[in-house]
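# Summary of structural features
Here is how the chains run, residue by residue.
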Amino acid sequence: MIEVKNLTKWYGPNLAVDHVSFTIEPGHVYGFLGPNGAGKSTTMNMITGCLAASEGSVTVGGHDIFEQPIEAKRRIGYLPEIPPLYTDMSVREYLVFVARAKKVAAAELDDRIDAVMERTQIAHVADRLIRNLSKGYRQRVGIAQAILGDPEVVILDEPTVGLDPLQIIEIRDLIRELGRDHTVILSSHILSEISAVCDRVIMISRGRIVANDTLENLTSGASRGGLIRIESRGSAADVREALSCLAGVIRLAVETRGGTVSAEIETAPDCDIREDIFRVFARLDAPILSMSAGNVSLEDMFLRLADDPAVKEEPAATESGEENAAPTDPSYAPLFSTEEDNK
């Protein structure tokens, strides 16, 4: 459906997206997960053809987004982080404008608009000015314009930002419903949101892909490992040296907090080293104040991947930097292109 190869974006000396490659298969809801400043919005803008790449390629349904933008964009519905709404228009007027921009046939236009308004539950505000709508309803209008024309792929960039808890639940339900008929890519920095609606996850940190798998594989793979947290007395250097020698330790973080030593130990799957840890602290004559053991969560795994030194060589541009750079970048292109624009 979508194939991304070596996608790269520089903003001056800042590398926002660093040779990203992945494939989007039809029939899934993908979570594009990363912290603020990871390069999510820049990647979304390049995939949709709103922003030119410094290097790399994107094909949508076999059509290059930069070389064949008309054919490629017909297959994409896009909701940017800030919905592209004309607030002086009514909801219906705006959707008519979008439908015409997407070249929806005149004979089908009214039926298509009625269908997307019904699907996004905004039919009862069809004649209200967009500026008078709540943020939640504006997001619904944004999703309605994204699915007009029945695109094969719907891309939503941070669709629940700024919404209250009830609105978030409603938008999540809508995304799940969209996933029945469309391939959906949901960009977010909120783990719970990705877990609630996605079946595949692509993690990005500092402009690089650090994980790409099904949610089931990521969570089951994480849960097989163990996570032990310890508070103790003693020397942080001695504790670090002694614990690092234990078999089964795959990640170790030790620091001093307020006169106590805090240690976080990630262990290999099916490996219980609690007795070994007790002996280590007894040998060091370092009293254990507390010790808790559990499984590695998806959040723990993401933080570990995001903190990997291998992805820290080049800092990515901040999200705010991306937003400020894109509209003034000479390579910026609108989502809705006309045949005349591309002659």
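Fair warning: this is a prediction, and the values are worked out from it, not measured in the lab.

The subject of this paragraph is the overall build of the protein. Scanning the protein from N- to C-terminus turns up 12 helices and 14 strands. When the 343 residues of the protein are sorted by exposure, 48% land in the buried category. Considering only intrachain contacts with a sequence separation of at least 6, the fraction spanning at least 24 residues in the protein is 70%. Put simply, the protein shows about 16100 Å² of open surface, and 48% of that area lies on carbon and sulfur atoms.

This part covers the nonpolar core. In this structure, Val 91, Leu 95, Ile 113, Ile 122, Val 141 and Leu 156 are the most contacted members of the largest nonpolar core, which totals 46 residues. Residues within four places of Leu 156 in sequence aside, it is in contact with Leu 79, Ile 143, Ile 175, Val 184, Ile 185, Leu 186 and Ser 187. Tyr 11, Met 44, Ile 65 and Ile 202 belong to the second largest nonpolar core, which has 28 residues in total.

Next up on the list: the pattern of salt bridges. By the definition in use, this model includes 20 salt bridges. Here Asp 88 ties to Arg 131 by a salt bridge, and the two come within 2.8 Å at their closest N and O atoms. Of this pair, Asp 88 sits in the loop between strand E6 (76–79) and helix H3 (91–101) while Arg 131 sits in the loop between helix H4 (106–119) and helix H5 (135–147), and the two are 43 residues apart along the sequence. Where Arg 119 meets Asp 181, a salt bridge forms, and the shortest distance between an N and an O atom there is 2.8 Å. Within this pair, whereas Arg 119 is found in helix H4, its partner Asp 181 is found in the loop between helix H6 (165–178) and strand E8 (183–188), the two being separated by 62 residues in sequence. According to the relative accessible area criterion, Arg 119 is partly exposed, its value standing at 24%. Accessibility expressed as a relative area gives 54% for Asp 181, which makes it exposed.

For the protein, the average pLDDT comes to 84, and 84% of its residues sit at 70 or higher. Here helix H12 (residues 319–328) stands out as the least confident element of the protein, with mean pLDDT 39; H3 is the most confident, with 96. The low-confidence segment residues 310–343, where pLDDT is below 50, has 74 contacts with residues more than four positions distant or belonging to other chains.

The next subject is unusual backbone geometry. Generally, phi is negative for residues other than glycine and the peptide bonds are trans, each holding for most cases. Phi at Asp 150 is positive, roughly 50°, even though this residue is not glycine. With respect to the helices and strands, the residue Asp 150 is situated in the loop between H5 and strand E7 (153–157). Overall, the relative accessible area of 52% leaves Asp 150 in the exposed class. For Arg 206, which is not a glycine, the phi torsion comes out positive at approximately 50°. Under the relative-accessibility criterion, Arg 206 is labelled partly exposed at 34%.

Glancing now at the sheet that holds strand E3 (residues 29–33). Sheet architecture is open: 6 strands sit in the order E6-E7-E8-E3-E9-E10, paired in mixed fashion. Two strands lie at the open edges of the sheet, namely E6 and strand E10 (208–214), each paired on one side alone. The mean inter-strand angle of the sheet, taken between neighbouring strand axes irrespective of direction, is 15°. Sheet topology note: the E3/strand E9 (residues 200–205) ladder contains 4 bridges and is parallel. Its bridge partner being in E9, Phe 32 is matched across the sheet by Ile 202. Against the sheet, H5 makes contact with E6 and E7, and its axis sits at roughly 165° relative to E6, the strand it touches most.

Analysis parameters
- Residues numbered from 1 in each chain as written.
- Predicted model: local features only at pLDDT ≥ 70, side-chain atom pairs only at ≥ 80, totals over all residues.
- Heavy atoms only, no water.
- Helix = DSSP H or I, 4+ residues; strand = E, 2+ residues; numbered from the N terminus.
- Buried < 20%, exposed > 50% of the residue type's maximum accessible area, 1.4 Å probe, protein only.
- Contact = heavy atoms within 4.5 Å.
- Areas by Shrake-Rupley, 256 points an atom, 1.4 Å probe, with all protein chains shown as cover.
- Core = buried A, V, L, I, M, F, W, Y, C linked by side-chain atoms within 4.5 Å.
- Salt bridge = Lys/Arg side-chain N within 4 Å of Asp/Glu carboxyl O.
- pLDDT = per-residue confidence, 0-100.
- Pairing = 2+ DSSP bridges.
- Axes fitted to C-alpha atoms, helices over the stretch in contact; angles between N-to-C directions.

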